[in-house]
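# Close look at the chain arrangement
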Amino acid sequence: MTYDLTEEKVMTTTSSCDSCGMPIESGRYCGYCTDDSGALQPFDDRFARMAAWQARRDPAASQQDIERQVLDYMATMPAWRDHPRVLTR
Ligand SMILES: [Zn+2]
């Protein structure tokens, strides 16, 4: 077995989900952010999931804090940074 870790190969095999930032092997989105047909889930669905996840990570935070943290995070994601809810946060 030979290893061919050229720079080009490393770049093409390192990817992250455009919606949540999770490392993925290929494509634009991870399995959590897409529906059964592979399409990106609606903003509200992703926002609710990320808010629930953030609330578990930071149980002391208020709902308002959680939502602001999630919107701040989504503002760094290519899939959501131009979304009206993110732009007007
Ligand atoms: Zn994702």
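Everything below is about the structure printed above this text.
Presented here is a report on the structure given in the accompanying data block. Computed from a predicted structure; not experimentally measured.

## Describing the coordination of the zinc ion
- Bound to the zinc ion are the protein donor atoms Cys17 (SG), Cys20 (SG), Cys30 (SG) and Cys33 (SG), situated 2.3 to 2.4 Å from the metal.
- Site description for the zinc ion: donor spacing in sequence, C-x2-C-x9-C-x2-C. Of this pair, Cys17 sits in the loop between strand S1 (15–16) and strand S2 (23–24) while Cys30 sits in the loop between S2 and helix H2 (43–57), and the two are 13 residues apart along the sequence. Here Cys17 and Cys30 have matching classes, each one buried.

## Here's the deal with H2
- For H2, which comprises 15 residues, the first-to-last C-alpha distance of 21 Å matches the rise-based estimate of 21 Å (1.5 Å per residue) to within 8%.
- Within the sequence span of H2, burial applies to Phe43, Arg46, Phe47, Met50, Ala51 and Gln54. Viewed end-on, H2 has its buried residues packed into an arc of 130 degrees, placing them on one side of the element. Set apart from the buried face of H2 by more than 90 degrees, the exposed residues are Asp44 and Arg56.
- In this structure, the buried residues of H2 make contact with helix H3 (63–74) and helix H4 (84–87).

## Looking at H3
- For H3, spanning twelve residues, the distance from its first C-alpha to its last is 16 Å, which sits close to the expected 16 Å at 1.5 Å a residue.
- For H3, every residue scored as buried is listed here: Ile66, Val70, Leu71 and Met74. One side of H3 holds all its buried residues, which, seen down the axis, span an arc of 130 degrees.
- Of the surrounding secondary structure, the elements contacted by the buried residues of H3 are H2 and H4.

## With respect to the nonpolar core
- Residues Phe43, Val70, Met74 and Trp80 are the most contacted members of the largest nonpolar core, which totals 17 residues.
- Counting only elements with at least two residues in this core, the list comes to H2 and H3.

## Digging into the packing of aromatic side chains
- Across all of its chains, the model carries two aromatic pairs by this definition.
- A centroid spacing of 5.7 Å and a plane angle of 15 degrees characterise the contact between Phe43 and Phe47, whose relative ring orientation is stacked. Taken together, the positions of Phe43 and Phe47, both in helix H2 and four residues apart, correspond to about one turn of that helix.
- Take Phe43: its relative accessible area is 6%, and that puts it in the buried class.
- When its relative accessible area of 8% is taken as the criterion, Phe47 is described as buried.
- Seen from their ring centres, Phe43 and Trp80 are 5.6 Å apart, and the 75 degrees between their planes marks the pair as edge-to-face. Here Trp80 lies in the loop between H3 and H4 and Phe43 lies in helix H2, a separation of 37 residues in the sequence.
- Among the aromatic residues, ring-to-ring pairing joins Phe43, Phe47 and Trp80 into one connected group.
- Of note, Arg85 hangs over the ring of Phe47, and the distance from its end group to the ring centre comes to 5.0 Å.

Thresholds applied
Residues numbered from 1 in each chain as written. Predicted model: local features only at pLDDT ≥ 70, side-chain atom pairs only at ≥ 80, totals over all residues. Heavy atoms only, no water. Donors = N, O, S within 2.8 Å, 3.2 Å for Na, K, Ca; no water. Helix = DSSP H or I, 4+ residues; strand = E, 2+ residues; numbered from the N terminus. Buried < 20%, exposed > 50% of the residue type's maximum accessible area, 1.4 Å probe, protein only. Expected span 1.5 Å × (residues − 1). Arc of directions from axis to C-beta. Contact = heavy atoms within 4.5 Å. Core = buried A, V, L, I, M, F, W, Y, C linked by side-chain atoms within 4.5 Å. Phe/Tyr/Trp six-rings, centres within 6.5 Å; stacked < 30°, edge-to-face > 60°. Lys NZ or Arg CZ within 6 Å of the ring centre and 35° of its normal.

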